[in-house]
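The residues making up each chain are set out below.
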Amino acid sequence: MNSTVVQFIGAGPGAEDLITLRGAQALEQADVVVYAGSLVNPAHLRRCRPECETHDSATLHLEAQVDIMQRAALAGKRVVRLHTGDPAMYGAIAEQIKALAVGGVRSSIVPGVSSVFGAAASLGCELTLPGVSQSVVLTRTPGRTPMPSGESAAHFARTGATLVFFLSTGHLSTLTDELTGQGALAPDTPAAVVYRATWPDERIVRGTLADIAAKTEEAGIKRQALVFVGQVLCADGQASQLYAKPFSHGYRNQLDAETFAGRCALYAFTARGLARAKDIAAGLGRPDTVIFATRPAEDEDTTKNARIVPLASGQLHPVLAANWRQFDAHIFVSATGIAVRAIAPLLRDKTSDPAVLTCAETGAHVISLTSGHLGGANRLARRVARITGGEALISTATDLNGLPAFDDIAAQEHARILDRDALCVLNAALLDGETIAFCGSKDLYDRCFAACPQIVLTAPSAVSTRCAVYWDTPAPASPQHLRITSAAFVLGIGCRRGVAPAVLQQAATDFLTAHQLHPTQLACIASCDLKADEPALLALCAAWDMPLECHTREALDAVPVPTPSERVRAKIGTGSVAEAAALLTAHLATGSSTATPDPSLLRVPKTIGDGLTLALARIPHEATTLARTGRVVVVGLGSGAPEQRTPEVTSALHHCDVVAGYTHYLDMVRDCIADKPVIQSGMMGEVARCRSALEAAVQGREVCMVCSGDPGILAMAGLLYELRDREAGFASVDIRVLPGITAANLAAASLGAPLQNGFSLISLSDLLVPADEVRCNLLAAAKGRLPLVLYNPAGRKRRELLTEALQICTEQRGSQTLCAFVRNARRLQEEKWIGHLADFPADKVDMSTVIIIGGPRTQWVNNALYEPRGYQEKYME
């Protein structure tokens, strides 16, 4: 076997011993095998050596398959691509061979026994019976791959050849109508359907064109079968779509309309129903799927993709009640009436009920019963119907009208609906053809709503429609305004003391990525009170701009979790940190009066890493209390120039819901706060402004209070803390201060390094501090040796304290003391002066000026004002 060649091998129709000797020998020698797991008998892989690497192509698109084969072949390995039947018949090999050739890898083909001949053998017939038919046409009905012009079933029927149809069982009624109508075949023309020819579970249905469709449907056959009326021609047309990325089937699903990532329970009550449930479980491909079945005792307890649990007679209702919150979907392979009567006592609310479906034992129909949108039942019904080859029956009006329901999009985006009543209003407006404003990210709009002309992307300040959707955007109170938030999850974290911040952040990022989530979809991070000061946790919260919710060990230990640890309980006093913290935080967000969290809120049980555990809980729809609410972030803008802002401040401005500040300061950040609601006022409006900011935080908003310079120096930070302490209604508001570059630093940098050894900072404003206190501070500071920095030195009507300050400094330090001022520090209109106190130009000073009075160390050399640090005296002499 040449290691530079990929061998395409036909495995035959199904039976293990119908592969050719050449194909079997190639499998025995192979280093890598890529096999069509949805069709090829897995018994063939027993021929492979234990060290052989195998890949099931059922879940792989074309590029992924080619990459595996090409890498292995170029590495000198012996590669086999194992197809069902004969590769030349609907094998989708042409595009594989072409792609391999582009990559420098040649191909060879080992023929196999086609299912046509396996089925003919099972039927016991000769396809070219002398005097009856000497031609066989192998063809198919059109589907996703269209038929070339002139290759219709009716055209071939009129030739009198024997017809064999591949990939056509799901369209049998249409096919027989075409054959007896346009094809002019008699209704009593013999016909047969062979399911999984030569496999142990092979089935044959015989009849005529008049009744073969009904008989096949009654037998529950939808796929993996051949229809014999004549023979089938292999169309030499365009490349197969079978392994294309966008193509979805029962084993690989890429369609948004059919996505469902939850845990499923299936219920089957007959042997036939159990067989269908196994087929569905295999197509869903989740190992946590469970089948509850009334079944023969000799049936196995496990199947490839599901665990089978016996369901005793009369136990459906208690078992379903126990399962109700443990599974995201319940699929009844039975009559719909059985499901309806069983679920009726358990139904509560569309925002919390799990998805419920019924599937006919034949697989012909799959019905979405409850939670079509938020629970994903409609998407799951389409997914199951694709697996069974049946039809999904969806009754929700938006789906029937081809409209993007807001709750369905929210579910697909893992977001939370905050207004159930508004949801009904908005979906009704959508059905009525009403224009609806969408306030949210353009990326989300383009992806989910742009195709619907009724939904218009609109800035919050420009909404003029009756109905609007506010997605991650503050909304004015209105029953016609639907609020949706992406912050729908709580990340629970437990970690050892001293874990490296980079390690924790990478682990948390990988954890979210594995579950197709992003940090912006978290409402908060939760842990134990022992971890409230853990540097790695605090660093992660800062990096993701996320609050940290910590609970006492006693509260955590009272939370029932799926995987408690007695070792952890013995060590810290609770059997769970990550799971319990995530569950408890999500539970508290609901405002529920019950003491115990609903276990179903836990979306991902704990994942254990190196010294850390991670778990994920989902906050229910309509929960009104979120950990990520009630916060004011006070930010310093420095000089106001964008380059003077810290990245942390810029991030806070981008992520907040509301911005508050003095109008002039807000003008400095208009580039960051486009379309955000603002709380603004002029001078003397500070108290009202801060109170409004706190009130917005109480309502669940994140508010950015902007200040010039640093917010903790003669700015709003202190006032916010004071109001919070004085007024009980603000007691729960979290206040966070982000530093900025204060004017003293900006002015000093413009002058040189005059504050090198420290300084005293005094405001000359007597609006909030009595003038006598200002004079006392001035005298005390002037008597020292540190440079003085004077803020708010003079207004148009307030200059007396400036005159007194200069006089005090002259008396205490002398008229030749070096001093300076900088007006509009680090702004385009910056102006500065350096000289002596005797020459100080007081008339040029205003409220935008910072004055620096030097000390005995201050020097003025080459137009730079600075203080020697003392290194020369200590180390250089």
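Residues numbered from 1 in each chain as written. Predicted model: local features only at pLDDT ≥ 70, side-chain atom pairs only at ≥ 80, totals over all residues. Heavy atoms only, no water.

A.B. asks: How would you summarise the sheet that holds strand E34 (residues 752-753) if you had to cite specific residues and measurements?
C.D. replies: Taken in spatial order, the 3 strands of this open sheet run E34-E41-E40, and their pairing is mixed. Looking along the sheet, the strands with just one partner apiece sit at the ends: E34 and strand E40 (859-861). In terms of strand pairing, E40 meets strand E41 (residues 864-866) through 3 bridges, oriented antiparallel. Looking at E41, one finds that Val861 is bridged to Ala864. (Pairing = 2+ DSSP bridges. Helix = DSSP H or I, 4+ residues; strand = E, 2+ residues; numbered from the N terminus.)

A.B. asks: Pulling in residues and values, what's your account of the side chain of Ser527?
C.D. replies: On the secondary structure map, Ser527 appears in strand E25 (residues 522-528). Ser527 sits in the buried class, given a relative accessible area of 0%. Each residue touching Ser527, except ones within four places of it in the same chain, is listed here: Ile493, Leu537, Leu548, Glu549, Cys550, His551, Leu556, Val577 and Ala581. (Buried < 20%, exposed > 50% of the residue type's maximum accessible area, 1.4 Å probe, protein only. Contact = heavy atoms within 4.5 Å.)

A.B. asks: Help me get a handle on the environment of Leu82, residues and values and all.
C.D. replies: Within the secondary structure layout, Leu82 lies in strand E4 (residues 79-83). The class of Leu82 is buried, set by a relative accessible area of 0%. Sequence separation between Leu82 and Ser478 is 396 residues, and the spatial gap between their C-alpha atoms is 61 Å. The residues touching Leu82, leaving out its near neighbours within four places in the chain, are Ile9, Ala11, Ile19, Leu27, Val33, Val34, Tyr35, Ala36, Val40 and His44.

A.B. asks: An account of the sheet that holds strand E27 (residues 602-608) is requested, with residue identities and associated values reported.
C.D. replies: Reading across from one edge, E26-E25-E24-E28-E27 is the order of the 5 strands in this open sheet, with mixed pairing throughout. The open sheet is flanked by strand E26 (548-551) and E27, the only strands paired with a single partner. Looking at each pair of strands side by side, their axes are set apart by 20° on average, direction ignored. Here strand E24 (residues 489-495) runs beside strand E28 (residues 612-618); their pairing, made up of 7 bridges, is antiparallel. Note on E28: the bridge partner recorded for Leu491 is Leu616. Relative to E28, helix H16 (residues 501-514) is tilted by about 40°, and along the sheet it contacts E24, E25, E27 and E28. Across the sheet, helix H20 (residues 578-589) is in contact with E24, E25, E26, E27 and E28; its angle to E28 comes to roughly 25°. (Axes fitted to C-alpha atoms, helices over the stretch in contact; angles between N-to-C directions.)

A.B. asks: Can you tell me about the nonpolar core, naming the residues and giving the values?
C.D. replies: In this structure, Ile291, Ile331, Leu357 and Leu380 are the most contacted members of the largest nonpolar core, which totals 27 residues. Elements supplying a minimum of two residues to this core: strand E11 (264-268), helix H8 (271-284), strand E12 (290-293), strand E14 (306-310), strand E15 (329-333), strand E16 (355-359) and helix H11 (377-388). Tallying contributions element by element places H11 first for this core, with 6 residues. Residue contacts for Leu357: discarding those within four places in its chain leaves His330, Ile331, Phe332, Val366, Ile367, Ser368, Ala377, Leu380, Ala381 and Val384. (Core = buried A, V, L, I, M, F, W, Y, C linked by side-chain atoms within 4.5 Å.)

A.B. asks: Describe the side chain of Thr289, with residues and values.
C.D. replies: Its location among the elements puts Thr289 in the loop between H8 and E12. Its relative accessible area of 1% is what places Thr289 among the buried residues.

A.B. asks: Give me the lowdown on the environment of Gly170, citing residues and values where you can.
C.D. replies: Note that Gly170 resides in the loop between strand E7 (162-166) and helix H6 (172-180). Once the C-alpha coordinates of Gly170 and Met668 are considered, the two residues, 498 residues apart in sequence, prove to be 65 Å apart.

A.B. asks: Can you tell me about the pairing of strand E36 (residues 788-791), naming the residues and giving the values?
C.D. replies: Across the two faces of E36 the burial is the same, with Leu788 and Leu790 and Val789 and Tyr791 all buried. The pairing of strand E35 (residues 760-763) with E36 spans 4 bridges and is parallel. The residue bridging Ser760 from the neighbouring strand is Leu788, located in E36. Each parallel crossover has a hand, and for E35 linked through helix H26 (residues 771-783) to E36 it is right-handed. Of the pairings in the sheet, the one linking E36 to strand E39 (residues 849-853) comprises 3 bridges and is antiparallel in character. (Right-handed = clockwise from strand over helix to strand, strands pointing away.)

A.B. asks: Provide a residue-level description of the packing of aromatic side chains, including the pertinent values.
C.D. replies: One pass over the structure, following the stated rule, counts 13 aromatic pairs. Here the aromatic rings of Phe438 and Tyr445 are separated by 5.9 Å at their centres, their planes lie at 35°, and the arrangement is tilted. Residues Tyr662 and Tyr665 carry aromatic rings whose centres are separated by 4.9 Å and whose planes lie at 85° to one another, so their mutual orientation is edge-to-face. By way of ring pairs, the aromatic residues Phe406, Phe438, Tyr445, Phe449 and Trp471 are connected into one cluster. Directly above the ring of Trp199 sits Arg196, whose terminal nitrogen or CZ lies 3.9 Å from the centroid. It is Arg203 that lies over the ring of Tyr195; its NZ or CZ is 5.1 Å from the centre. (Phe/Tyr/Trp six-rings, centres within 6.5 Å; stacked < 30°, edge-to-face > 60°. Lys NZ or Arg CZ within 6 Å of the ring centre and 35° of its normal.)

A.B. asks: I'd like a rundown of the pattern of salt bridges, residues and numbers included.
C.D. replies: Taken as a whole and judged by the stated rule, the model has 35 salt bridges. With its nearest N and O atoms 2.7 Å apart, the salt bridge here joins Arg49 to Asp31. Placement of Arg49 in the loop between strand E2 (32-35) and strand E3 (53-56) and of Asp31 in the loop between helix H1 (21-29) and E2 is noted, with a sequence separation of 18 residues between them. Glu413 is paired through a salt bridge with Arg447; the nearest N and O atoms lie 2.7 Å apart. With Glu413 in the loop between helix H13 (406-412) and strand E19 (416-417) and Arg447 in helix H15 (residues 442-448), the pair connects residues that are 34 residues apart, well separated along the chain. Using a relative accessible area of 24% as the deciding quantity, one classes Glu413 as partly exposed. Here the residues in one salt-bridge network are Asp545, Arg631, Glu648, Glu702 and Arg736, joined through shared partners. (Salt bridge = Lys/Arg side-chain N within 4 Å of Asp/Glu carboxyl O.)

A.B. asks: Outline unusual backbone geometry, supporting the account with residue identities and numerical values.
C.D. replies: Backbone geometry places Gln224, a non-glycine residue, at a positive phi of 55°. Locating Gln224 in the fold gives a position in the loop between helix H7 (212-219) and strand E10 (225-230). With a relative accessible area of 22%, Gln224 lands in the partly exposed category. One non-glycine residue, Leu714, adopts positive backbone phi at about 55°. Along the chain, Leu714 falls in the loop between strand E32 (702-707) and helix H24 (717-726).

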